[in-house]
Amino acid sequence: MKQYRNLSDPELVNLLKASDHAAYLEIYDRYKTALQQHAWKKLGRAEDVQDLIQDLFTELWVKREVLTLTTGLANYLFTAIRNRSLNLIYKRRKEAPYLDSLQEFIREGNYLIDLQIREKEFQELIQKRWTACHRG
């Protein structure tokens, strides 16, 4: 049985490209915590960090056979998580005005629905009283 902990990054990458799942798990174990800390500094939300880490490692496995690392595994992973973090921040900033607008629309919509219900109830009350007054 191989001692994956003792293997260098280039050796692990070669095994990864050969679909060695144990090498993949060693890469994950070796870098997960440091990547989480790196992403946390940029994002500050545990859910976002976990999603980015999961996406990164899923993509690493899916693209393992065509993976080309010119600057080394660690640099590749940290650059990838930084870029994903920045993309998420950019996306959130772009979405924020739309989400605020949507929330305002929902609040106004609920208010209008409430007004419509009250108006209908008021009309029914007027109709009942008018009917009661004109029967007599």
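Residues numbered from 1 in each chain as written. Predicted model: local features only at pLDDT ≥ 70, side-chain atom pairs only at ≥ 80, totals over all residues. Heavy atoms only, no water.

Student: Help me out: how do you make sense of the overall build of the protein in this one?
Tutor: Of regular secondary structure, the protein possesses four helices and zero strands. The order of α-helices and β-strands along the protein, N terminus first, is α-α-α-α. Here the protein holds 136 residues, and the buried ones make up 24% of them. The long-range share in the protein, meaning contacts at least 24 apart out of those at least 6 apart in sequence, stands at 60%. By element, 54% of the accessible surface of the protein is carried by carbon and sulfur atoms, the whole surface being about 10300 Å². (Helix = DSSP H or I, 4+ residues; strand = E, 2+ residues; numbered from the N terminus. Buried < 20%, exposed > 50% of the residue type's maximum accessible area, 1.4 Å probe, protein only. Contact = heavy atoms within 4.5 Å. Areas by Shrake-Rupley, 256 points an atom, 1.4 Å probe, with all protein chains shown as cover.)

Student: Mind showing me how you'd approach the packing of aromatic side chains here?
Tutor: Any pair of aromatic rings gets described here by the distance separating the centres and the angle formed by the planes. By the definition in use, this model includes four aromatic pairs. Ring geometry for Y28 versus F57: centroids 4.9 Å apart, planes at 75°, classification edge-to-face. Within this pair, whereas Y28 is found in helix α2 (residues 21-43), its partner F57 is found in helix α3 (residues 46-62), the two being separated by 29 residues in sequence. Y28 gets classed as partly exposed once you look at its relative accessible area, which sits at 27%. Judged by relative accessible area, which is 1%, F57 ranks as buried. Here the aromatic rings of Y31 and F78 are separated by 6.5 Å at their centres, their planes lie at 80°, and the arrangement is edge-to-face. Here F78 lies in helix α4 (residues 73-135) and Y31 lies in helix α2, a separation of 47 residues in the sequence. By relative accessible area, F78 is classed as partly exposed at 25%. Here the aromatic cluster, defined as three or more aromatic residues joined through ring pairs, consists of Y24, Y28, F57 and W61. A cation over an aromatic ring shows up here: R64 above the ring of W61, its NZ or CZ 3.9 Å from the ring centre. (Phe/Tyr/Trp six-rings, centres within 6.5 Å; stacked < 30°, edge-to-face > 60°. Lys NZ or Arg CZ within 6 Å of the ring centre and 35° of its normal.)

Student: Mind showing me how you'd approach the side chain of D20 here?
Tutor: Turning to its location among the elements, D20 is positioned in the loop between α1 (9-17) and α2. Using a relative accessible area of 16% as the deciding quantity, one classes D20 as buried. At 2.8 Å, the side chain of D20 and the side chain of Y4 are in polar contact. A polar contact of 3.1 Å, which involves the side chain of D20, links it to the backbone nitrogen of A23. (Polar contact = N/O pair within 3.5 Å; in protein donor to acceptor, adjacent residues only side chain to side chain.)

Student: For this particular structure, what's the right way to read the nonpolar core?
Tutor: Taken as a class, soluble globular proteins show a tendency for nonpolar side chains to be buried jointly. Counting residues in each nonpolar core, the largest one holds 24 residues, and the members touching the most others are I27, Y31, L35, F57, L60, L77 and I81. Counting only elements with at least two residues in this core, the list comes to α1, α2, α3 and α4. Among the elements that line this core, the one with the most residues is α2, at seven residues. Those residues in contact with L35 that lie beyond four places of it in its chain are I53, L56, F57, L77, F78 and I81. (Core = buried A, V, L, I, M, F, W, Y, C linked by side-chain atoms within 4.5 Å.)

Student: Quick question: what am I supposed to make of α1 here?
Tutor: Looking at α1, one finds that the buried residues are D9, L12, V13, L15 and L16. End-on, the buried residues of α1 take up no more than an arc of 165°, which puts them together on one face. Across α1 from its buried face, at more than 90 degrees, point the exposed residues P10 and N14. Within two residues after α1, S19 carries a phi angle of roughly 65°, on the positive side. (Arc of directions from axis to C-beta.)

Student: Looking at this structure, how should I read α3?
Tutor: Since one α-helical turn is 3.6 residues long, residues separated by three or four positions face the same way. A rise of 1.5 Å per residue sets the reference length of α3, with its 17 residues, at 24 Å; its end C-alpha atoms lie 24 Å apart and thus fit the reference within 8%. Among the residues making up α3, those that are buried are D48, V49, L52, I53, L56, F57 and L60. All buried residues of α3 lie within an arc of 150° about the axis, which places them on one face of the element. Those residues of α3 that are exposed and angled more than 90 degrees off the buried face are Q54 and V62. (Expected span 1.5 Å × (residues − 1).)

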